[in-house]
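Listed here are the chains, written in short residue letters.
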Amino acid sequence: MPELPEVETVRDGLARHVVGARVVDVEVLRDYSVRRHEGGPAGFRDELLGQRLGAAVRRGKFLWLPLEPAAGSVDGPAAALLAHLGMSGQLLVRSGVALADRSPHLRVRVVLEHDDRTAYGAQALDFVDQRTFGHLSVQDLVPTPDGAPGGLGSDLAAVPAPVAHIGRDLLDPSLRRDDVVDAIRRRRTGVKRALLDQTVVSGVGNIYADEALWRARLHYARATDTLRRPEAHRLLDAAAEVMTEALAQGGTSFDALYVNVNGQSGYFSRSLAVYGQEGEPCPRCGTLVRRDEFMNRSSYTCPRCQPRPRNGRW
DNA sequence: CAGTAGACCTGATCGC
DNA sequence: TGCGATCAGGTCTACT
């Protein structure tokens, strides 16, 4: 569910509210939500207890908090608390009376304490996830191949191991757009598939893929190996632009399922041109937006601005 | 190797 | 009211 702008909104909230805090308790209410942690729920808890959260970092839709071991503890390799929100995950920061709020879909609660207890008091980082496609785990950090920072929010040239295969995203200053253009044009598939492939470029999901394609006037089934360089650049520019605009509005949410760390929804859904707009007029030409089944999900296009390519193989 | 369908979950909504 | 089918913003794995 959450794509880059939504995850970045959450990262920013974590950077403001929980960075610097120390883990004093961990409650795993649903084992499946920590399935990616090697040592299971008990190991997950053990590895977090006493650790300090050092930063809030994001690459694409992956989010992590590097751990600073407590003074005097025996430290292994550098590690981080890794989160992926999947389709319905939320990270909510609760403190004071709100600590009593327990969502029915609360899967993991990480209880935190700040050094300056007079200012913060007890605090919890709640992982709430209806569909449970999201997950939390503690992961070793591995070096990035290019030596550049692993993601937005840190200058560490390292990423959690499960993020090593994820490409940089369009808000990453170290991303080289020319390389992404080449990678897209080298593939033999439809352009939307390439845009959604997180190893090519990360952070783009179904909403922003459709919005970017509409802005770039490209059909989702356009074969990548027929794309001209300027067309591919136009697409990446459009994707970066639409995600930046969405971020400025706190992200896209259709309901209370996607919220920031304070439980508030973003407003970008009002600005969507085609996604979810079947039967509504295209904001550019007035032609009615159509919905197609594609990759077992939906794709929305303006049939006039984005005509299906005649030689499209999909 | 690259590309693609299916699996993994829960809940809301719609038509009968 | 109940039941089944369908839909939802993602990613990993196991095929071809």
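As the structure is a prediction and not an experimental result, all values here were calculated from the model. (Residues numbered from 1 in each chain as written. Chains lettered and ligands numbered in written order. Predicted model: local features only at pLDDT ≥ 70, side-chain atom pairs only at ≥ 80, totals over all residues. Heavy atoms only, no water.)

> I would appreciate a short explanation of the UniProt feature "binding site: DNA" (unreviewed entry) in chain A in the present structure.
Using the residue numbers shown here, the UniProt feature "binding site: DNA" (unreviewed entry) corresponds to His 105, Arg 131 and Arg 187. Taken together, the annotated residues stretch across 83 residues and extend over separate regions, lying up to 39.6 Å apart by C-alpha. Not counting chain neighbours up to four residues away, the residues in contact with His 105 comprise Phe 127, Val 128, Asp 129 and Gln 130. Tracing the backbone shows Arg 131 in the loop between strand E8 (122-129) and strand E9 (135-143). In this structure Arg 131 comes out as partly exposed when scored by relative accessible area, which is 40%. Not counting the four nearest positions on each side in its chain, Arg 131 is found in contact with Met 87 and Ser 88. (UniProt positions renumbered as here; feature names shortened; annotations may be inferred. Contact = heavy atoms within 4.5 Å. Helix = DSSP H or I, 4+ residues; strand = E, 2+ residues; numbered from the N terminus. Buried < 20%, exposed > 50% of the residue type's maximum accessible area, 1.4 Å probe, protein only.)

> Would you explain the environment of Ala 124 in this entry?
Of note, Ala 124 is situated in strand E8. Judged by its relative accessible area of 1%, Ala 124 falls in the buried class. Separated by 100 residues in the primary sequence, Ala 124 and Val 24 have C-alpha atoms spaced 9.7 Å apart. Excluding its chain neighbours within four sequence positions, the residues that come into contact with Ala 124 are Leu 92, Val 93, Arg 94, Leu 99, Arg 109, Val 110 and Val 111.

> How should I be thinking about the pattern of salt bridges in this particular structure?
Oppositely charged side chains may form a pair once their charged atoms are brought near each other. Taken as a whole and judged by the stated rule, the model has 23 salt bridges. In this structure, Arg 11 and Glu 8 form a salt bridge, with 2.9 Å as the shortest nitrogen-oxygen distance. Of this pair, Arg 11 and Glu 8 both sit in helix H1 (residues 4-17), three residues apart, which is roughly one turn of that helix. Classification of Arg 11 by relative accessible area gives buried; the value is 11%. A relative accessible area of 7% means that Glu 8 is categorised as buried. Look at the salt bridges and you will find they share partners, linking Glu 8, Arg 11, Arg 58 and Asp 169 into a network. (Salt bridge = Lys/Arg side-chain N within 4 Å of Asp/Glu carboxyl O.)

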